[in-house]
Amino acid sequence: MTEAIAAIAHDQHEHPPAGIMRWLTTTNHKDLGILYMSFGGIMFFIGGAFIMAVRAELLFPGLQWLSPGMYNQLFTLHALIMVFGAIMPFATGLNNYLIPLMIGAPDMALPRVNNWGFWILPFAAILLLIPFFLQFSGIGSGASGLGWVMHNTSLDLQSGIGIDFAIFTIHLLGISSLTGAINVVVTVLNMRAPGMTLMKMPLFVWAWLITAFMLILVIPVFSAAATMLLTDRHFGTHFFDAANGGDPILLQHLIWFFGHPEVYIVLLPAWGLIPHILATFSRKPVFGYRAQVYALWTICFLSFIVWSHHMLTSGLPLAAEVYFMYSTMAISVPTAVLVFCWLGAIWRGAMTFETPMLFALGFVAHFGMGALTGMILPDVAANAQYHNSYVIVSHFHYTFFGGGIFGMMAALYYWLPKFTGRMFDEKLGRLHFWLTVIFFNMTFIPQWFAGLDGMPRHIADFALRFSAMNLISSVGAFLLGLSQLLLVYTVVKCVRGGTKATGQVWEGAQGLEFTLPSPPPYHTFETPPAVK
Amino acid sequence: MKLTDAAIHDESAIQGWFICLFCCNKRHGTAKKQLPLWFWVIFFLFVSEPACASSIWDFQEPVTPVARDSITASVDFLRIIMGIYVVVFAVFAYSIFKHRKSSGAQPGTFTGPRTKWQWALAISPFLLLIYIDYIWMGIPAFHAIVRMEDTRTASEMVVKVTASQWKWQYEYPEENIKFVSTIATTQDQIHGREAKGEHYLQEVDNPLILPTNMKVRILLTSTDVIHSWWVPSFGVKRDAVPGYLREMWVNIEKPGTYRGQCAQLCGDGHAFMPIVVEAVAEPQFREWVAKKKAEGSAASAAAGKVWSRDELMEKGDEIYNRICVTCHQADGKGVPGAFPALAGSKLVNGPFLDKDGRMIKDGHLDRVMNGKPGTAMQAFKETLSDAEIAAVVTYERNSFGNRMGDMVQPSQVKALR
Amino acid sequence: MMNEDEVINEHGKRERRTVRLVVALMLFVAVIYAATFIKLPLWLPALK
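Residues numbered from 1 in each chain as written. Chains lettered and ligands numbered in written order. Predicted model: local features only at pLDDT ≥ 70, side-chain atom pairs only at ≥ 80, totals over all residues. Heavy atoms only, no water.

Considering the overall build of chain A
For chain A, the helix and strand inventory stands at 17 helices and 0 strands. A compact globule built from 532 residues should have a C-alpha radius of gyration of about 24 Å, and chain A, at 23 Å, falls within 12% of that. On the principal axes, the C-alpha backbone points of chain A span a range of 70 × 55 × 45 Å. Sorting the 532 residues of chain A into buried and exposed places 70% on the buried side. Considering only contacts in chain A between residues 6 or more positions apart, those separated by 24 or more positions represent 82%. Carbon and sulfur atoms provide 72% of the accessible area of chain A, an area that totals close to 16700 Å². Within chain A, one finds 21 positive and 22 negative side-chain charges whose respective centroids are separated by 13 Å. (Helix = DSSP H or I, 4+ residues; strand = E, 2+ residues; numbered from the N terminus. Rg over C-alpha atoms; globule rule 2.2 N^0.38 Å. Buried < 20%, exposed > 50% of the residue type's maximum accessible area, 1.4 Å probe, protein only. Contact = heavy atoms within 4.5 Å. Areas by Shrake-Rupley, 256 points an atom, 1.4 Å probe, with all protein chains shown as cover. Lys, Arg positive; Asp, Glu negative; His and termini not counted. Charge placed at Lys NZ, Arg CZ, Asp CG, Glu CD.)

A few points about the environment of Leu35 of chain A
Residues and elements named next belong to chain A. Among the secondary structure elements, Leu35 is positioned in helix 3 (residues 29-57). Between the C-alpha atom of Leu35 and that of Val475, which follows or precedes it by 440 residues, the distance is 33 Å. Dropping the residues within four chain positions of it, Leu35 is found in contact with Trp23, Thr26, Phe118 and Trp119.

Quick look at the sheet that holds strand 1 (residues 157-164) of chain B
Residue and element names in this part refer to chain B. Ordered by their spatial adjacency, 5 strands build an open sheet running 3-2-1-5-8, and the pairing between neighbours is mixed. Both outer strands of the open sheet, strand 3 (177-181) and strand 8 (246-250), are each paired with one neighbouring strand and no more. For this sheet, the mean inter-axis angle between neighbouring strands, taken without regard to orientation, is 25°. By the bridge criterion, 5 bridges tie strand 5 (residues 216-222) to strand 8 in an arrangement that is antiparallel. (Pairing = 2+ DSSP bridges. Axes fitted to C-alpha atoms, helices over the stretch in contact; angles between N-to-C directions.)

Observations concerning the interface of chain A and chain B
Size of an interface, as often reported, equals the accessible area lost when the parts are brought together. If you look at the interface, chain A gives 94 residues, while chain B gives 91 residues. Interface of chain A and chain B: buried area, both sides summed, is about 7700 Å²; carbon and sulfur atoms make up 66% of it. Taken together, the links from chain A to chain B amount to 2 salt bridges. Of the charged contacts, one joins Arg238 of chain B and Glu321 of chain A as a salt bridge, the two residues approaching to 3.7 Å between their closest N and O atoms. Of all the elements in the fold, those that place two or more residues in the side of chain A that touches chain B are helix 4 (68-103), helix 6 (153-158), helix 9 (248-282), helix 11 (318-330), helix 12 (332-346), helix 13 (355-376), helix 14 (380-386) and helix 16 (426-452) of chain A. Classifying every residue of the side of chain A that touches chain B gives 54 nonpolar, 29 polar and 11 charged. (Buried area = accessible area lost by both parts, 1.4 Å probe. Salt bridge = Lys/Arg side-chain N within 4 Å of Asp/Glu carboxyl O. Nonpolar A, V, L, I, M, F, W, Y, C, P; charged D, E, K, R; others polar.)

Overview of the arrangement of the chains
Between all 2 pairs of chains that are in contact, chains A and B come out with the most contacts. At their nearest point, the C-alpha atoms of chain B and chain C are still 11 Å apart, with no contact between the two.

Structural notes on the packing of helix 12 of chain A against helix 13 of chain A
Residue and element names in this part refer to chain A. Where helix 12 meets helix 13, the closest approach of the two axes is 11 Å, and the angle between their N-to-C directions is 155°. One element, helix 12, and the other, helix 13, form an angle in the roughly antiparallel class. At the point where helix 12 passes helix 13, the crossing takes the left-handed sense. Here Ser332, Thr335, Trp342 and Ile346 of helix 12 lie close against helix 13, whose contacting residues are Met357, Leu361, Phe363, Val364, Phe367, Ala371 and Met375. Among the residues forming the contact of helix 12 with helix 13, the class breakdown is 9 nonpolar, 2 polar and no charged. (Parallel < 35°, antiparallel > 145°, perpendicular 65-115°, else oblique. Left-handed = near helix turned anticlockwise from the far one by under 90°.)

Some points on the environment of Ile135 of chain B
Residues and elements named next belong to chain B. Structurally, Ile135 is set in helix 5 (residues 116-136). Residue classification places Ile135 among the partly exposed residues on the basis of a relative accessible area of 42%. Linking Ile135 and Trp230, residues 95 residues apart in sequence, is a C-alpha distance of 29 Å. Apart from residues lying up to four places away in sequence, Ile135 is in contact with Ile130 and Pro140.

Let's talk about the interface of chain A and chain C
Facing the 29 residues of chain A at the interface are 21 residues of chain C. Buried area between chain A and chain C, summed over both chains or domains, comes out near 2300 Å², and the portion from carbon and sulfur atoms is 74%. Our count for the chain A to chain C interface comes out at 0 salt bridges. At the boundary of chain A with chain C, the tally comes to 4 residue pairs in polar contact (both at pLDDT 80 or more). At the level of secondary structure, the elements contributing two or more residues to the side of chain A that touches chain C comprise helix 7 (162-190), helix 8 (203-234), helix 9 and helix 11 of chain A. The element that contributes the greatest number of residues to the side of chain A that touches chain C is helix 8 of chain A, accounting for 8 residues. Looking at the side of chain A that touches chain C residue by residue, the class counts come to 21 nonpolar, 6 polar and 2 charged. (Polar contact = N/O pair within 3.5 Å; in protein donor to acceptor, adjacent residues only side chain to side chain.)

Some words on unusual backbone geometry
At the junction of Ser518 of chain A and Pro519 of chain A, the peptide bond is cis and its omega measures out at -5° in the coordinates. Of note, the amide linkage connecting Gln165 of chain B to Trp166 of chain B takes the cis form, showing an omega dihedral of 0°. Mapped onto the elements of the fold, Trp166 of chain B is located in the loop between strand 1 and strand 2 (167-172). Of note, Asn176 of chain B is a non-glycine position whose phi angle comes to about 60°, a positive value. Relative to the helices and strands, Asn176 of chain B is located in the loop between strand 2 and strand 3. Phi is positive for Gln329 of chain B, which is not a glycine, with a value near 70°. The partly exposed category is assigned to Gln329 of chain B, whose relative accessible area is 26%.

Here's the deal with the confidence of the model for chain B
All names here are of chain B. On average, residues of chain B score 83 in pLDDT, and 85% of them are at 70 or above. For the stretch residues 1-9, pLDDT sits under 50, and the model shows 10 contacts to residues farther than four places along the chain or on other chains. Counting interchain partners and residues more than four positions distant, the pLDDT-below-50 stretch residues 45-57 has 35 contacts. Across the interfaces of the predicted complex, the ipTM metric reaches 0.91, alongside a pTM of 0.87. (pLDDT = per-residue confidence, 0-100.)

Remarks on a nonpolar patch on the surface
Residue and element names in this part refer to chain B. On the surface, Leu128, Tyr131, Ile135, Trp136 and Ile139 cluster together to form a nonpolar patch covering roughly 490 Å² of accessible area. Among the structural elements, Leu128 can be located in helix 5. Owing to a relative accessible area of 46%, Leu128 belongs among the partly exposed residues under this scheme. (Patch = residues over 30% accessible without salt bridge, like charges linked within 9 Å, V, L, I, M, F, W, Y side chains within 5 Å.)

Things to note about the environment of Leu361 of chain A
Along the chain, Leu361 of chain A turns up in helix 13. As for Leu361 of chain A and Ala410 of chain A, which are separated by 49 residues in sequence, their C-alpha atoms are 9.2 Å apart. When residues no more than four places from it in sequence are discounted, the contact partners of Leu361 of chain A are Leu278, Ile346 and Phe353 of chain A together with Phe92 and Ile96 of chain B.

A short note on the nonpolar core
Leu94 and Trp271 of chain A together with Trp229 of chain B are the most contacted members of the largest nonpolar core, which has 282 residues in total. Top element by residues in this core is helix 4 of chain A. It accounts for 23 residues. Residue contacts for Leu94 of chain A: discarding those within four places in its chain leaves Met37, Ile99, Phe204, Leu273, Met408, Ala411, Trp415 and Phe419 of chain A. Membership of the second largest hydrophobic core comes to 24 residues, among which are Phe380, Ala390, Val393 and Val408 of chain B. (Core = buried A, V, L, I, M, F, W, Y, C linked by side-chain atoms within 4.5 Å.)

Examining a positive patch on the surface
All names here are of chain C. Taken together, the side chains of Lys13, Arg16, Arg17 and Arg20 present a region of like positive charge at the surface. Residue placement: Arg17 occurs in helix 1 (residues 4-36). Classification of Arg17 as partly exposed rests on a relative accessible area of 40%.

Shown next, in the form of structure tokens:
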């Protein structure tokens, strides 16, 4: 009887609908993985375009072509799009495609919810951008110009309709992230192949499990804060409104309670996949598996109790300042464990330097710089010089871009042949890597110096002493942006017809996903594999 | 970038060590053990000026005890992390060069430290890190915070700073002096129609004057949104939060002019609210206080008398072209879609007081005194005097083609407060 | 190798675990969302 049912189901599945209906209605984790990653890629370029406009204004002192109001919108949208539209969806795409393959499951636990979780995203992106485009027809005052973190409460309350759209977007993004997170937790806890104990799971799966827990804990806080802001603005509540007994600092606490774990949410997937790549191209087993699992959990736990280091100039009581300084410094220890394990991964290996390995090594070098610059920030007395200056901008771009984006690019190059069944042009990949490294540093090192010299952030125009640094940074940014077009070309060229890829793709690649053909069949592991 | 004595000392010390290492290697190493020239070139670039610059030279000169604490802490910490990075990167680079398949390396199979020596090597960096965080930097950091937050001990003077969009108001409550400090850089400079002055975007009409060598307690608040008061040379930055009174202190050790900027995104004018502090010796400070007080009583006397139309128009012209012109433009036509025109506007050409002498809501006087919440139109009742408000309103009603013919007396404005 | 009944039983167990996990996580989310509306400084005077 079951064979008959299975046969009918099989028949239906072998022929998914064609064309656009396939992509709209798919519940297949590989399809959804591709959708999430493609969406993330497109958003990367849109977010990049916004910041190119910003850097164009910052080429020279003076206001050349942007009004301050427009400038504020552009960097706000850049940040919201990059964090919530590019990197998080791309990482989600990776988890969708790879987690079932890595644990030997046929799909995610909740395939239909998975589909809804994805399709919220394009809708949310459009919602965010509507007020931006409407202003050019004279409707409304533009999109949110409050920074992605919106923690100048009274300014939020005073602003135009753009922030209401941003608040709705945040609620939608929250729902999408939560559905994704719940899906990951249930899949990982419930659907591993027999024999795959938790401590046998690949690190990428561990990292995503922890990321999912963090999302579940803090996204509701961010959403609630956004709801409260909305009701303060329109429905007569006074949560944050100082004039009526509310507390503007409360909004900062709520947003940063989300905001700090959020940065680790962005980084954890990269931390999970880098060891895979380093191990493969060093032809060695993963180094320090247990240490890394414990370190990731420690970072997760610590990330919830350090949030006010983003608020050290807001007038916290002395005890709070001291506490947050010391608790933040503690994070350096598990982070150092990770770095140590990355070094252990390559030490005495037999390395080759294909593009994924270049990006993985680049990740270690650049994220390392970002993490170290982060170490000096919680010193409260010194923090007065750094807070809201370009020192911070430089720091978080080394961690977000040098860590997060390099990690995603490493992953893309590493698994692209698995997804597409074709190898990409290695020469183009290497060129893309070197151009990215050179221009990334050219963009952000001058920003570090400008910040030390006293340049505040979020300013549309700057004093003459910052001219040289801004000029170099802007030129670097333009070239960095242009170099990313090479990535698009490489991917398209690969999909169109690179050499055929084998199942294992890379010599030395381990993991269940590499036991499958490239590309894997539409349905995989319908019978769970045997895991020793 | 400023050259300090410490910087020159460190730079020479590092280059001195470099020369020692280089000579030692050349002299004592055999031909095989001598490191190749390209290595020394890269090493030299790493330790030479550009690399050192990052750790020492780019902070603005510290002139208060808090600034010296914070800059010392920053520099020390920066040196430590540079040291850590150099060591870790060296290991990283060494591995990349040596452990390659192309040079025939055989991959290891280890997954963690095994021998006691390896475990010691593994654990010691973390012990060092904990030592750096909690003892080496952590203990001085604690003392620095305590010192920074101690605003009351031995403070000799109080200044109150009130932030608004997009200017600062400074008050000396003990002397009854109050004035507004607005950016002095002209729109022409900002939009490239005029060459930019030396202190572009960091100059104001009325700087804050403070005495040197006195502990000054600074109270900080805001009338509208969160701003942040930052003067890098003073080493202090504190948010100005509406509804809260924050505190910090400075003790400026050297006379001079110190410049800073608002450090919290506060709307469209965020980049255009600089801070300028002139620190002078105490006798000069007292002279200035006396002068300001005399001006102040003259101003309140001015509010009491009856002004002629010409006096009002002249003063109004000066106020308009200093403050209002930024948005409403020199011809009063505003910027369509952004800033409303005053020329021919219903509001300007309408009544501002009803028949009982009360202010009409959303009338001309209401708009100037109380602003329009939710827009860029600020409230000026705290930052302009009675005479100034009366003058600018009179001016607007009789300029740009508006011909209301009426006037507003400073005493009328005073009565409405 | 499991026989047909064991497969269905195993499948059913996993399904029930899935449902329980999902419901628990969603409740957790709802509780955190609601709790955020209660002003934290009431509980953490050190932050005031």
